[in-house]
Amino acid sequence: MSFASPKKIENKITTKETLLTPRFYTTDFEEISKLDISKNQREIEAIVEEFRIDYNRDHFIRDKEFYKTWDSFDEKTRNIFIEFLERSCTAEFSGFLLYKEISRNLKNVNPLLAEGFSFMARDEARHAGFLNKAMSDFNISLDLGFLTKTRKYTFFAPKFIFYSTYLSEKIGYWRYITIYRHLEKNPTYRVYPLFRFFESWCQDENRHGDFFAALLKSQEELLNTNEARLWCRFFLLSVFATMYLNDLQRKEFYASIGLNAKQFDQYVIRKTNQSAKTLFPVILDVNHPDFFPLLDKCADSNQKLCDIDRIKVFNIIKNILKLPYYIILIINLLKIYLLKPIETNYIWTIS
Ligand SMILES: [Fe+2]
Ligand SMILES: [Fe+2]
């Protein structure tokens, strides 16, 4: 249960979509329902049992501190906070919809997985709801019903959903815990009470990541083949680059809570890469002297693409202007992809 906001919500907003906006996903539910998870059933059962305990049932309760008026935020800070809340809420809600839909489709054929996905949907719904409630502190709310109906859904094959959501959950964990620990040490920057909730919140994301890790381990071919090695590298790079390019466009938000966006992201990337070491056969060499400089070149190209988007000219002209920056972006991403990866020596053969 949460306190109702005393303020009237003035605006329901919908989000603008760009290449890096949090997306909504759909997948091949029938293929997931046919998965044989017997090779790692026990670990999956143990994680579902942990979900059932529901450690955070009473965690997401708004307290008095939220009642403060946030009108003292200057317009710029207010807008960057709203954008942060909006993007976070969309990402959490996207997780809720996907997990809920997978759970619904698996109910009669794979009750264990259905239950696991249903518990994760429960957590994501709480996270999204809490963020949407936070938006009401700024007299705004995200129209989740409208979003569900109108947003385009991107199709991802089940294995790609598993790799990407495993990494998204783990990177989410590192993002939340890093912000929490930073604000614990520097309380003057804790300008909004939401961040106080991140410590237990991120444990939800960590458990979700563990669920996907257990699921991936039940499908050995997703972790111990040459093809798997290429996909692991691809998804590590995609998740890292998406976060980096997004966050470097939003340096002001991180500065408002006393963080340097670049340092924060580099720390989170290193930590998530280390987490993936306990699952993936290979991880990226983030300490290679070219790794972050190449990622910075990608971020520069992305900035140019955003700048071009703001010019008031015909779309065809914009596309022509954008083309060289897309090429530079792709070339630099390819260069990072081709850096020699680090072997983790993890070979999953569970009997
Ligand atoms: Fe979440
Ligand atoms: Fe999650």
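In what follows, the structure referred to is the one given above.
Everything quoted here is computed from the prediction, not taken from an experiment.

(A) Seen up close, the nonpolar core. Leu-194, Phe-195, Phe-211, Leu-215, Phe-280 and Phe-291 are the most contacted members of the largest nonpolar core, which totals 109 residues. At 14 residues, helix α6 (residues 158-185) tops the list of elements feeding residues into this core. When residues no more than four places from it in sequence are discounted, the contact partners of Leu-194 are Phe-66, Phe-84, Leu-85, Phe-130, Leu-131, Ala-134 and Trp-201.

(B) Quick peek at the coordination of the iron ion (ligand 2). The coordination sphere of the iron ion (ligand 2) contains the protein donors Glu-124 (OE), Glu-169 (OE), Glu-169 (OE), Glu-205 (OE) and His-208 (ND1), at a distance range of 2.0 to 2.6 Å. The motif formed by the donor residues of the iron ion (ligand 2), counted along the single chain, is E-x44-E-x35-E-x2-H.

(C) Up close: the coordination of the iron ion (ligand 1). Taken together, the protein ligands of the iron ion (ligand 1) are Glu-92 (OE), Glu-124 (OE), His-127 (ND1) and Glu-205 (OE), with distances of 1.9 to 2.2 Å. The coordination sphere of the iron ion (ligand 1) comprises four donor atoms, whose angles at the metal cover 83 to 148 degrees; the geometry is irregular. Spacing between the donor residues of the iron ion (ligand 1) along the chain follows E-x31-E-x2-H-x77-E. In this model, the iron ion (ligand 1) sits 3.5 Å from the iron ion (ligand 2), the two metals being bridged by Glu-124. In this pair, Glu-124 and His-127 are both assigned in helix α4 (residues 111-136), three residues apart and thus about one turn of the helix distant. Using a relative accessible area of 0% as the deciding quantity, one classes His-127 as buried.

(D) The packing of aromatic side chains, seen in detail. One pass over the full model with this rule turns up 49 aromatic pairs. Ring geometry for Phe-51 and Phe-119: centres 6.4 Å apart, planes at 65 degrees, overall edge-to-face. Note that Phe-51 is positioned in helix α2 (residues 41-53) and Phe-119 in helix α4, a separation of 68 residues in sequence. With centroids separated by 5.4 Å and ring planes inclined at 80 degrees, the aromatic side chains of Phe-198 and Trp-201 adopt a geometry described as edge-to-face. Taken together, the residues span about one helical turn, with Phe-198 and Trp-201 both in helix α7 (residues 198-218) at a distance of three residues. One exposure class covers both Phe-198 and Trp-201, and it is buried. Between the NZ or CZ atom of Arg-151 and the centre of the ring of Phe-24, over which it lies, the distance is 5.1 Å. Directly above the aromatic system of Tyr-337 lies the positively charged group of Arg-233, at a separation of 4.9 Å from the ring centroid.

(E) Spotlight on the pattern of salt bridges. For the structure shown, the criterion picks out 23 salt bridges. One salt bridge in this structure joins Lys-170 and Asp-210, with 2.8 Å as the shortest N-O distance. Taken together, the positions of Lys-170 in helix α6 and Asp-210 in helix α7 put the pair 40 residues apart, joining distant regions of the chain. Its salt-bridge partner being Asp-307, residue Arg-310 comes within 3.0 Å of it at the nearest N-O pair. Of this pair, Arg-310 and Asp-307 both sit in helix α11 (residues 291-310), three residues apart, which is roughly one turn of that helix. Since its relative accessible area comes to 35%, Asp-307 is described here as partly exposed.

Cut-off values and rules
Residues numbered from 1 in each chain as written. Chains lettered and ligands numbered in written order. Predicted model: local features only at pLDDT ≥ 70, side-chain atom pairs only at ≥ 80, totals over all residues. Heavy atoms only, no water. Core = buried A, V, L, I, M, F, W, Y, C linked by side-chain atoms within 4.5 Å. Buried < 20%, exposed > 50% of the residue type's maximum accessible area, 1.4 Å probe, protein only. Helix = DSSP H or I, 4+ residues; strand = E, 2+ residues; numbered from the N terminus. Contact = heavy atoms within 4.5 Å. Donors = N, O, S within 2.8 Å, 3.2 Å for Na, K, Ca; no water. Tetrahedral: all angles 85-135°; square planar, octahedral: opposite > 155°, others 65-115°. Phe/Tyr/Trp six-rings, centres within 6.5 Å; stacked < 30°, edge-to-face > 60°. Lys NZ or Arg CZ within 6 Å of the ring centre and 35° of its normal. Salt bridge = Lys/Arg side-chain N within 4 Å of Asp/Glu carboxyl O.

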